[in-house]
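# Report on the structure
Okay, here's what each chain looks like letter by letter:
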Protein chains: 2
Amino acid sequence: MIKENSSNAVNKAFLYRSCRINGALDAISGRWKALIVIHISEGNDRFSLLKTAMEGITDQTLGKQLKELEASGLISKTIIPAVPARVDYTLTPKGQALLPILANLSEWSDM
Amino acid sequence: MIKENSSNAVNKAFLYRSCRINGALDAISGRWKALIVIHISEGNDRFSLLKTAMEGITDQTLGKQLKELEASGLISKTIIPAVPARVDYTLTPKGQALLPILANLSEWSDM
């Protein structure tokens, strides 16, 4: 077995850590994602509510952001069998866990 | 004086908050910035040390990232009057305050 020399181990640990941070930042970066998560947490949990609340976002952009947030496991979608059919978005546990970090980032940016 | 109706106040509060979060994310997003802050915090506080520690980064990219981090107030530069002259980078209080948030983001990404 190749003995793990210290610099190798340090490199591996660093790469692992950097992928995690960059992965996290990718999931929430861009103009809209963090805001959508906050909006859903505040009850704007439908496409129409989000569209009204987020000045300047197009239907296409909002649809794409919601898909990406769903794919990242931050939100989940429930289709309500009404007429017309309704889609509700909710934060997953991972989405919920992001809220305090966003609050810290927001305070940090005031420093 | 125009009476601040509640939705107006909510909108203003929201815009202010979204600018703060997006501002914070802009300052640390991208492939390298968060990593550079971590590296400097771990003692890789010179261009050559950073270059060695960050596989794949070019001189040009590292130089640009360091300038942007300095402009965002996360790091500061000290020119050491040696021969040849030496430049040391240090985290500002704002840079220091980012470290626990990056640690939280890193853990959050494992969820």
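The structure this text deals with has already been given above.
Below is a short write-up of the structure. Predicted model only: the values in this text are computed from it and were never measured. (Residues numbered from 1 in each chain as written. Chains lettered and ligands numbered in written order. Predicted model: local features only at pLDDT ≥ 70, side-chain atom pairs only at ≥ 80, totals over all residues. Heavy atoms only, no water.)

Right, let's get into the packing of aromatic side chains. In the structure shown here, the tally under the stated rule is zero aromatic pairs over all chains. In this structure, A:Lys94 packs its charged tip against the face of B:Trp108, placed 4.8 Å from the ring centre. (Phe/Tyr/Trp six-rings, centres within 6.5 Å; stacked < 30°, edge-to-face > 60°. Lys NZ or Arg CZ within 6 Å of the ring centre and 35° of its normal.)

Because an α-helix packs 3.6 residues into every turn, residues spaced three or four apart end up facing the same way. All names here are of chain A. With eight of nine residues buried, helix H2 (residues 33-41) is to be regarded as a mostly interior element. For H2, every residue scored as buried is listed here: Lys33, Ala34, Leu35, Ile36, Val37, Ile38, His39 and Ile40. Phi turns positive, to about 100°, at glycine 43, one or two residues after H2. (Buried < 20%, exposed > 50% of the residue type's maximum accessible area, 1.4 Å probe, protein only. Helix = DSSP H or I, 4+ residues; strand = E, 2+ residues; numbered from the N terminus.)

A word on the packing of helix H2 (residues 33-41) of chain B against helix H4 (residues 59-71) of chain B. For any two helices packed against each other, the geometry comes down to the angle between their axes and how far apart the axes lie. All names here are of chain B. Packing of H2 against H4 leaves a shortest axis separation of 10 Å and a crossing angle of 80°. The pairing of H2 with H4 is recorded here as roughly perpendicular in orientation. Contact residues: H2 offers Lys33, Ile36, Val37 and Ile40, while H4 offers Leu62, Gln65, Leu66, Glu68 and Leu69. For the contact of H2 with H4, a count of residues per class yields six nonpolar, one polar and two charged. (Axes fitted to C-alpha atoms, helices over the stretch in contact; angles between N-to-C directions. Parallel < 35°, antiparallel > 145°, perpendicular 65-115°, else oblique. Contact = heavy atoms within 4.5 Å. Nonpolar A, V, L, I, M, F, W, Y, C, P; charged D, E, K, R; others polar.)

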